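Summary of the model geometry
What follows is the residue order along each chain.
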Amino acid sequence: MPDNFKLDLKERPRRLRRNASLRAMVEETVLRPADFIAPLFVVDGKSRPEEIKSMPGVFRLNIADLVKECRALHKLGVPAVALFPKLDPKLKDDEGTQALNEETLVLRAVRAVKKAVPEIVVITDVALDPYTTHGHDGVLNAARDDVENDRTVAILAKMAVLQARAGVDLVAPSDMMDGRVGAIRRALDAADFTGTGIMAYSAKYNSAYYGPFRDAVGSAKAAGTNLLSKATYQMNPANRREARREVQLDVAEGADIVMVKPAGPYLDIICEVRRTTSRPVAAYQVSGEYAQIHAAARLGWLDLERCRHESLLAIKRAGADMILTYFAKDMAAVLKG
Ligand code: PBG
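How each quantity is defined
- Residues numbered from 1 in each chain as written.
- Predicted model: local features only at pLDDT ≥ 70, side-chain atom pairs only at ≥ 80, totals over all residues.
- Heavy atoms only, no water.
- Axes fitted to C-alpha atoms, helices over the stretch in contact; angles between N-to-C directions.
- Helix = DSSP H or I, 4+ residues; strand = E, 2+ residues; numbered from the N terminus.
- Parallel < 35°, antiparallel > 145°, perpendicular 65-115°, else oblique.
- Left-handed = near helix turned anticlockwise from the far one by under 90°.
- Contact = heavy atoms within 4.5 Å.
- Buried < 20%, exposed > 50% of the residue type's maximum accessible area, 1.4 Å probe, protein only.
- 1 Å grid on protein atoms, 1.4 Å probe; cavity = no way out; pocket = protein on both sides within 12 Å on 5 of 7 lines; lining within 4 Å.
- Points joined across faces, edges and corners; volume = space filled by probe spheres on them.
- Nonpolar A, V, L, I, M, F, W, Y, C, P; charged D, E, K, R; others polar.
- Salt bridge = Lys/Arg side-chain N within 4 Å of Asp/Glu carboxyl O.
- Expected span 1.5 Å × (residues − 1).
- Core = buried A, V, L, I, M, F, W, Y, C linked by side-chain atoms within 4.5 Å.
- Pairing = 2+ DSSP bridges.

**Examining the packing of helix α2 (residues 63-76) against helix α3 (residues 105-116)**
When two helices pack together, their arrangement is given by the angle between their axes and by how far apart the axes lie. Two numbers describe how α2 lies on α3: the axes approach to 9 Å, and their chain directions differ by 45°. With respect to α3, the axis of α2 lies oblique. For the pair α2 and α3, the crossing hand works out as right-handed. In contact with Ile-63, Leu-66, Val-67, Cys-70 and Arg-71 of α2, α3 contributes Leu-105, Arg-108, Ala-109, Ala-112, Val-113 and Ala-116.

Next up, the structure:
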């Protein structure tokens, strides 16, 4: 090559990357605090916040601290929280009966948050895993070798009505039973909660990235087995077309928002779902995605702030309208400046 080598190029994309102002002008995706939903873990009692080992910076909060956290999030511009209870193991049983107790932890938490910070959107999980000794999202069949679909759905529909009565804005069925969105919609309407929305975990995969979450809510181990497989209800990570089918069914049954979960390793699914429906699309950056970034940062192998930002930018770029993420508060604080 001669020293004065020149390409005869008409297009030089680098022209629009020459300085920060030009780069800002052509930026396609921008994160804002309102993009995020903060998942929060609540416990009973008056204990101080307990950090979850595999999720640095994430704490189980008593109701009073939870209320404070919601106020802080609201101030930072985070519009919504998703609440997850960690039950005293003594309260768990085979059928998850505490899920239908009007005074159960998460319902008391919802009422407290809604009273103190009425503007914040409160979302609750509709699934039995925090309540069952076996840790499954539903009740077991007679042979105890699988979750029984229809009997579970009947319980979930009642659970959703209790959550609506406690004041949630959105119920979020995360159980992956067939027909649960329709059953929940009918139950809510019949109880006059026509205004309570459904955020459906529509394409929820049977993922290994949920590990730290199961520690957080104490549902890690099935009774008698050490491997809790949810493969008969959560989706096979190998499947994409099936995500379209699940989304179409949930929308037809009345889902207001559909969700893809996990998020980062499933960007193609977010993109596909975005094209499949005009409903808002949520994506859940799950506990394992969060833990991964923190672990690598601790080892000095990745830059925490930059990877955090990039991971969320990618999820939004793929087509998510809102992101459930354990980074919600930190991100909102940074973005607010
Ligand atoms: C359970 C539920 C799970 C998560 C949210 N709701 C775990 C599971 O399905 O086993 C995972 C969230 C996370 O990993 O951050 N219904």
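**Considering the environment of Glu-253**
Residue position: Glu-253 is located in helix α7 (residues 241-253). The partly exposed category is assigned to Glu-253, whose relative accessible area is 23%. A C-alpha to C-alpha distance of 34 Å links Glu-253 and Glu-69, two positions 184 residues apart in sequence. Setting aside its immediate chain neighbours within four residues, Glu-253 contacts Gly-179, Arg-180, Val-181, Gly-182 and Arg-185.

**Remarks on the layout of surface pockets**
Looking at the largest pocket, its volume works out to about 360 Å³. Looking at the largest pocket, it is lined by 19 residues, and the ones nearest its centre are Gly-57, Val-58, Glu-69, Tyr-326 and Lys-329. Mapped by element, the contributors of at least two residues to the lining of the largest pocket are β1 (36-42), β3 (55-61), α2, α9 (287-298) and α11 (328-336). In terms of residue count, β3 provides more of the lining of the largest pocket than any other element does, five residues in total. For the lining of the largest pocket, a count of residues per class yields 13 nonpolar, three polar and three charged.

**What to know about the packing of α2 against α11**
Running from N to C, α2 and α11 point in directions that differ by 35°, and their axes come no closer than 9 Å. The way α2 lies across α11 gives a crossing that is left-handed. On α11, the residues touching Glu-69, Ala-72, Leu-73, Lys-75 and Leu-76 of α2 are Lys-329, Ala-332, Ala-333 and Lys-336. Broken down by class, the residue content of the contact of α2 with α11 amounts to five nonpolar, no polar and four charged.

**Considerations on empty space enclosed by the protein**
Within the structure shown, the criterion is met by four cavities of 30 Å³ or more. In this structure, the largest cavity occupies an estimated 110 Å³ of space. Here the lining of the largest cavity is built from residues that sort into two nonpolar, three polar and seven charged.

**Focus: the pattern of salt bridges**
Scanning the entire structure with this criterion turns up 22 salt bridges. Here Arg-185 makes a salt bridge to Asp-189, at a shortest N to O gap of 2.9 Å. Linking Arg-185 with Asp-189, this pair stays in helix α5 (residues 180-190), spanning four residues, or about one helical turn. With a relative accessible area of 14%, Arg-185 lands in the buried category. For Asp-189, a relative accessible area of 33% puts it in the partly exposed group. One salt-bridge network, in which partners are shared between bridges, spans Arg-240, Arg-244, Asp-268 and Glu-272.

**Some words on α9**
In this model, α9 (twelve residues) spans 16 Å end to end at C-alpha, consistent with the 16 Å of a helix rising 1.5 Å per residue. Residues of α9 that are buried include every one of Ser-287, Gly-288, Glu-289, Tyr-290, Ala-291, Ile-293, His-294 and Ala-296, and no others. Those residues of α9 that are buried are in contact with β3, α6 (211-217), β9 (281-285) and α10 (304-318). Trailing α9 by a residue or two, Gly-300 shows a phi angle of about 80°, which is positive.

**Some details on the environment of Val-126**
As for its placement among the helices and strands, Val-126 is situated in strand β5 (residues 121-126). Residues Val-126 and Ile-155, 29 residues apart in the sequence, show an inter-C-alpha distance of 9.6 Å. The residues touching Val-126, leaving out its near neighbours within four places in the chain, are Leu-156, Met-159, Ala-160, Gln-163, Val-171, Ala-172, Pro-173, Ser-174, Asp-175 and Ile-184.

**Quick look at the nonpolar core**
By size, the foremost hydrophobic cluster in this structure holds 108 residues, and its most contacted members are Phe-41, Leu-66, Val-81, Leu-83, Met-199 and Tyr-284. In this structure Phe-41 touches Ile-52, Met-55, Val-58, Phe-59, Arg-60, Leu-61, Phe-84, Phe-213, Ala-216, Val-217 and Tyr-326, once residues within four positions along its chain are discounted.

**Remarks on the pairing of β1**
Extensive coverage of β1 is indicated by the burial of seven of its seven residues. Here two bridges tie β1 to strand β10 (residues 322-325), and the two strands are oriented parallel to one another. Bridging from a neighbouring strand, Phe-36 pairs with Ile-323 of β10. Taken together, the six bridges between β1 and strand β4 (residues 80-85) define a ladder with parallel strand orientation. Within the sheet, the bridge partner assigned to Pro-39 lies in β4 and is Ala-82. Relative to β3, β1 runs parallel, the two sharing two bridges.

Distances and angles like these do not, on their own, reveal function.
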